[in-house]
Every structure is written in structure tokens, then in C-alpha cells.
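Working through the structure, step by step
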Amino acid sequence: MTNSIAEIEDADCMLVVGSNTTEAHPVLALRMKKALRRGAALIVVDPRRTWLAERATIHLQLRPGTDIPLMNAFAYVILQEGLADFAYVENLTENFEAFAAAAQEWSPERAAELCGVDAEQIRRAARLYAQTEKAGIYYTLGVTEHVCGVDNVRSLSNLALLTGHLGRSSVGVNPLRGQNNVQGCNDVGNNPVFLPGYQLVEDEATRAKFGQAWDCTVPAAPGLRLDQMMDGMHDGRIKAFYVMGEDPVVSEPHAKQIESGFEKVEFVVCQDIFLNETSRRYADVVLPSTCFAEKDGTFTNSERRVQRVRKALDPPGQARSDLRILFEVAQALGVDWGEPDAEKVWNEFADLSPKFFGIRYPRLEERGLQWPCPDSSHPGTPFLHEGAPLRGKGLFYPVDHVPAWEEPCADYPFLLTTGRTLYHYNAATQTARSDGHLDKQARCFVEISPDDAREMALDSGSTLRVESRRGAIEVEVKVTDAVHPGVLWMPMHFAEARANVLTGDGKDPEIGTPEYKVTAVRLVR
């Protein structure tokens, strides 16, 4: 996030795009609820009528996969009506002319026809966002999980630059992270193009610095992205898999293809706190690890806040901390890293990473710190880009509509989009073991509009077969006006009815994020 979670309460306009915040981020959503009670305006862009959408000042219930035309239409209105912060644009941005030319191609009327929303509502929303001093953008996987996910985010960034809603409290462009500590994982280098601290692998001086610290030669070539690893199981590049805290057989798209890949690789290690579908079916070795309450370390949340995690319980049975397991695996491979110590690992990371250099364990005793934090006297950074964008000038991107990888047709006439519910978390490795969660939601279901249900003579509670070009699953029917006719919605949590049996191979060409949000399907009673 460019800004802090607490600042949401003081926002006067919240533009929430592709985020069912009250279910996917229920704690953070409390801040949005407080802002609403205070009288803040809320614009929701979502193909479903969610709890937030029902309370929105404006709900733009767009067709999945049409975010860029909608955001370009926002920009069209802002430019046409002179609502841009032209001083900010002139002094602190670049490539404005190319962006503006692309945006001018998308009038509200043209966007409305493709997106399935009202043109006047687009105008109202654009004016509201542009004319509100404290207006922030908040988005999640509904924006990124498309073949044009990167350009979707760029279209949001364009709006923030155009209006000058950056570098101040309660504004910015704020991705709400999808999993606990996924921000921290990225920070420390779990990204193939970066070494720890967001330092590019391709930079020779960076490689030399880490090579000296680690007493090795750091390869110049980036590693593989997750999608490339999955492809590598089929083309021979990947011979073995080490899976930590993930269940790719449930969470990755085109699940049958993933299963086929795991059957081809020679060796699979799974390290987790429970057995899941992947470890149960494909693991040659299972290494039982520890949960958050059984280990020491740090978690970093969506607002870039590094927080201490302290061991409160001993792990059960033979379970060991992730850190100890990795140290012992290294030792078995012939390298002695000494005794595992979470603070020493952090210090090594911070010593080599300028953005994190000032964050040390003693400073985290009372409360977390937000990076960048370059030295021991720095208080941390509540919001980014104060005074000017970090790169000097914010870069506008001209973006245009990118069709989905797969569109509905006569044989597969429905558009399926997937997501999360309040009662389950990701692949449900944990929540499916909880009676309380299962009492609330025990089965996978598909949401279908009353018109479509009436045409197929379907009632809520009946069982339905959902088929795509890649597979089929049986789910419970939920008739609801939360979705438009022709659009279906399904949760992705359930191993016994995996939504990702249906999803396909479409992915963003720049970073490989799969297109979970648009799949062509048909229904069979």
C-alpha cells in the first residue's frame, strides 16, 4: 500500500475496485465501515453486489474483464471537465500526452456499452473521485487476476497521478494483500527478478554485493515465476518441487494440468502445518512445520509494517519451525549455517537492504515499523511519495482494453468469476478443519441470477454440474440477484469441488498472473 490502514478512516472518498473487502479483509474493512459512518463517499467497482456494494454511493457492476475501459472513461471525464490536478501533472509526471490520447478513446458511452454499466454513473463516480481531496483507491485480486492485470493496476495508477491523489494521508493506490505475510515474502526476495529488498538481479553491483556477503556467485539470470515452474513440470525444466505453505493442486489454475505435472516430476517435498491435497497425493517427503504461535520472526502486512512474531507455544509432535527445517536441509546439503536465529536472519537481510536498514528487533518491541526506514533514527514511512513520486516523476501508461483469454460462446455461454468468502481462507487447509467454519459453509456453491435460474428451472440448494473446456465439478446452486444474468460466481476454497478444475491457461504476459476471474462455462442440471 502507498498509504496506511489507519488512514482509511479519514478518507472522504473510497474507490474500491475488485475487492470484496468485508469478506476477504474483514479486519481492515472495519476502517472502511468507520469512514462510511463518518459520511465518506464510497464507489465500488465489482461484478457482484457485495455487502460494500449495497452501501455504496455508486456501485459500478461491470462485466468481468473490462476494468481498463472503465478507468479510461474515468480519466476521459476528468480531462474533459477540467478536474485534473494539472499542476501536479505538469511538474511531477511524465508521458501524459500518450496517456491522455489513449483515455480520450473511451467516452463514458463507449465504456458503458462494453462494461455493462450506466454512462451517467461513470461520470458521477469520476467527478466524485477527482473532486474529493482525500480520495484513496483500494484494490485486490479482482484487478490483478486477469490477462491484463498489470495494465489494470496501471489504469488505477493513472487516475491517482491525474488527480494528484498521491503523497498525502488518506489517498494513494492501495493493494490489499491476499495472504498473511505475502508482503514480507516479496520484501525478502521471493520474486524471481529481485534479490532481497527489491534490488534487481540484473544489476551487476547488486549481485556483487550479495555475492560477497554470501560467498558465492549470484547468477545474472532471473529465476522462474510460479507459472513458468508449472509449465516446467511438463517440458522437463523442473525435476523436483519444494512446496512450503501452499496447496497448488487446489490454488493453481487448470488443476488437471497441475496434477499431470506433479505426476511427471521425480521428487516432491511439502512443508506445512497440515496435510493438504498436494502433500497427500504427491509428496515423497512431508516436513511438519509450525504455525504463527509456535515460532519467532516477523510478519509484514499490507501497509509495509514489519511486526514481531513471538513464540508462545511448543509445536506438537515432530514439527519444527520453518527456519530450523531450512537450516537442517542446508546442513544435509553440506552447508553449516550455524544455529537458527530469526533475529540474525533479519539483521543479515536489513544490513544488505537500504529500504529496511533502520528496522531492527529492539525497535519492534512496542510496535511495528513501516518501510522505507533507512536508518536507526528514522520513524518509518506512513505513506509513500510525499513531495514527489519516489522515481522523481510519476509515469503515466497509455493502456487499452485487452480481451479475456476465453470468452463465453454458444457451447459455454456463461462467464464464471471466482473469489473468496468470509468463512474460508485460500485453499481451506486450515478452515476446512474447523467445525465452526464448516457449520457456516460446508459445500462449494455457484451464484446464479434469478433470470438464469428461472430459465433452467433451478432452485437454491439443488445440485448442478458446472463444465468448462478443461473439466467439470458439482456444486450447490445459490440463486441471488448479486450477479447479473450470464455471470456466475464461485468460491475457490473447496478441495472436493475445485473451482480451478474449470479455470484455464490465460495469464498476464508480463508477470504470469493467471486469469482466475474470467472462465467460459456451461451448466448441466
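Along each chain, residue indices are assigned from 1 in the same order as the chain's sequence is written. Where totals are concerned, whole chains, interfaces and linings use all residues; where local detail is concerned, this predicted model gives features only for residues with pLDDT of at least 70, and gives and counts side-chain atom pairs only at 80 or more. As a rule here, side-chain values cover all heavy atoms of the structure and leave hydrogens and water aside.

Bringing the packing of aromatic side chains into the picture now. Note on ring pairs: Phe, Tyr and Trp rings are taken, using the six-membered ring of Trp, and paired if centres are within 6.5 Å. Classes follow the plane angle, with under 30 degrees stacked, over 60 edge-to-face and the rest tilted. Inspection of every chain in the model, using the stated rule, returns 14 aromatic pairs. Ring geometry for phenylalanine 96 versus phenylalanine 396: centroids 5.6 Å apart, planes at 65 degrees, classification edge-to-face. Taken as a pair, phenylalanine 96 in helix α6 (residues 96-103) and phenylalanine 396 in the loop between β15 (394-395) and β16 (414-419) lie far apart in primary sequence, 300 residues in all. According to the relative accessible area criterion, phenylalanine 96 is buried, its value standing at 17%. A simple rule labels every residue: compare its accessible area, found with a 1.4 Å probe on the protein chains alone, to the largest value its type can have, and call it buried under 20%, exposed over 50%, or partly exposed in between. Under the relative-accessibility criterion, phenylalanine 396 is labelled buried at 0%. Each ring, one from phenylalanine 445 and one from tryptophan 489, has its centre 6.0 Å from the other, and the planes form 45 degrees; the classification is tilted. Residue phenylalanine 445 is found in strand β17 (residues 445-448), and its partner tryptophan 489 is found in strand β20 (residues 487-491); the two are separated by 44 residues along the sequence. With respect to burial, phenylalanine 445 and tryptophan 489 carry one shared label: buried. Site record: aromatic cluster; members linked through ring pairs are Phe194, Tyr198, Trp346, Phe349, Phe356 and Trp371. Just above the ring of tyrosine 397 sits the side chain of arginine 154; from NZ or CZ to the centre is 4.1 Å. Should the NZ of a Lys or the CZ of an Arg lie within 6 Å of a ring centre and within 35 degrees of the ring normal, that charge is described as sitting over the ring. The ring of phenylalanine 357 carries arginine 360 above its face, with NZ or CZ at 4.8 Å from the centroid. Under the DSSP-based scheme used, a helix requires at least four consecutive residues in state H or I and a strand at least two consecutive residues in state E, with every element numbered from the N terminus.

Before going further, it helps to examine the packing of helix α13 (residues 226-235) against helix α15 (residues 255-264). Look at α13 against α15: their axes get within 8 Å of each other, and the N-to-C directions meet at 55 degrees. The angle between α13 and α15 falls in the class oblique. Handedness of the α13/α15 crossing: left-handed. When α13 is examined against α15, the residues Met230, Met233 and His234 are found in contact with a partner set consisting of Gln257, Ile258, Ser260, Gly261, Phe262 and Lys264. Polarity classes work like this: nonpolar for Ala, Val, Leu, Ile, Met, Phe, Trp, Tyr, Cys and Pro, charged for Asp, Glu, Lys and Arg, and polar for all others, with Gly in that last group. Grouping the amino acids of the contact of α13 with α15 by side-chain chemistry returns four nonpolar, four polar and one charged. The axes used here are C-alpha line fits, helices contributing only the stretch in contact, and every angle between their N-to-C directions lies in the interval 0 to 180 degrees. What sets the label is the angle itself: under 35 degrees gives roughly parallel, over 145 gives roughly antiparallel, 65 to 115 gives roughly perpendicular, and the rest give oblique. By convention, the crossing between two helices is left-handed when the near helix turns anticlockwise from the far helix through less than a right angle, and right-handed when the turn is clockwise. In this analysis, two residues are considered to be in contact whenever any of their non-hydrogen atoms come within 4.5 Å of each other.

We call two strands paired when DSSP finds no fewer than two bridges between them. The strand order β9-β10-β11 describes an open sheet built from three strands, whose pairing is parallel. Sheet topology places β9 (240-244) and β11 (285-288) at the edges, where each strand pairs with a single neighbour. Going across the sheet, the axis of each strand differs from the next one's by a mean of 10 degrees, ignoring polarity. In this sheet, β11 lies alongside strand β10 (residues 267-272) in parallel orientation, the contact comprising four bridges. Note that in β11 the partner of glutamine 271 across the bridge is leucine 287.

On to a nonpolar patch on the surface, then. Residues Tyr242, Met244 and Leu326 make up a contiguous nonpolar surface patch of roughly 240 Å² in combined accessible area. Tracing the chain through its elements places tyrosine 242 in strand β9. On the basis of relative accessible area, tyrosine 242 is assigned to the partly exposed category, the value being 35%. Here the term patch refers to residues with relative accessible area over 30% and no salt bridge, with like charges joined within 9 Å and nonpolar side chains (Val, Leu, Ile, Met, Phe, Trp, Tyr) within 5 Å. Surface exposure here means Shrake-Rupley accessible area, sampled with a 1.4 Å probe, where a residue is shielded only by the protein chains that are shown. We define a salt bridge as a side-chain nitrogen of Lys or Arg found within 4 Å of a carboxyl oxygen belonging to Asp or Glu.

Domain start and end points were adopted from an automatic or database domain assignment. Domain annotation for the chain reports domain 1 (5-176), domain 2 (182-370) and domain 3 (414-524). When each unit is reduced to the centre of its C-alpha atoms, the spacing between domain 1 and domain 2 is 34 Å.

Among the residues making up helix α7 (residues 108-115), those that are buried are Pro108, Ala111, Ala112 and Cys115. End-on, the buried residues of α7 take up no more than an arc of 105 degrees, which puts them together on one face. Buried residues along α7 sit against α4 (67-80) and α8 (119-131). A positive backbone phi angle near 80 degrees is found at glycine 116, which sits one or two residues after α7. This arc describes the spread of directions from the helix axis toward the C-beta atoms.

Within the element layout of this structure, histidine 165 appears in the loop between α10 (149-163) and β6 (173-175). On the basis of relative accessibility, which here comes to 2%, the residue histidine 165 falls in the buried class. The residues touching histidine 165, leaving out its near neighbours within four places in the chain, are Tyr129, Ala130, Thr132, Glu133, Ala135, Ala160, Val171 and Gly172.

Here we come to the sheet that holds strand β12 (residues 297-300). Read from one edge of the open sheet, three strands run β12-β13-β14, paired in antiparallel fashion. Looking along the sheet, the strands with just one partner apiece sit at the ends: β12 and β14 (369-370). Pairing of strand β13 (residues 305-309) with β14 involves two bridges; the strand directions are antiparallel. Opposite valine 306, over in β14, you have leucine 369 as the bridge partner.

Between tryptophan 371 and the following residue, proline 372, the backbone shows a cis peptide bond with an omega angle of 0 degrees. As for its placement among the helices and strands, proline 372 is situated in the loop between β14 and β15. Despite not being glycine, asparagine 95 shows a phi value in the positive range, around 70 degrees. Relative to the helices and strands, asparagine 95 resides in the loop between β4 (93-94) and α6. For asparagine 95, a relative accessible area of 35% corresponds to the partly exposed category. Notably, histidine 254 is not glycine yet its phi reads approximately 50 degrees, a positive angle. Residue classification places histidine 254 among the buried positions, given a relative accessible area of 13%.

Here the focus is the pattern of salt bridges. Counting across every chain of the model gives 39 salt bridges. Across the pair arginine 225 and aspartate 227 runs a salt bridge whose closest N-O atoms are separated by 2.9 Å. Arginine 360 is the partner of aspartate 351 in a salt bridge, and the nearest nitrogen-oxygen pair spans 2.8 Å. Three or more residues are tied together by salt bridges with common partners; here these are Glu259, Glu277, Arg280, Arg281 and Arg498.

Moving on, we get to α10. Owing to its 3.6 residues per turn, the α-helix brings residues three or four apart onto one side. How far a helix is expected to stretch is found by multiplying one less than its residue total by 1.5 Å. Over its 15 residues, α10 extends 22 Å from the first C-alpha to the last, a length consistent with the 21 Å expected when each residue adds 1.5 Å. Counting buried positions along α10 gives 13 out of 15 residues, so the element sits mostly inside the fold. Among the residues trailing α10, glycine 164 stands out with phi positive, at a value near 70 degrees.

Attention now moves to the side chain of glutamine 271. Tracing the sequence through the fold places glutamine 271 in strand β10. Polar side-chain contacts of glutamine 271 include one of 2.8 Å to the side chain of aspartate 322. Setting aside chain neighbours within four positions, we find glutamine 271 in contact with Tyr242, Val243, Met244, Gly245, Leu287, Ser289, Asp322, Ile325 and Leu326. In protein, a polar contact means a hydrogen-donor-capable atom and an acceptor-capable atom, both N or O and within 3.5 Å, with residues adjacent in sequence counting only if both atoms are side-chain atoms; elsewhere, any N or O pair within 3.5 Å suffices.

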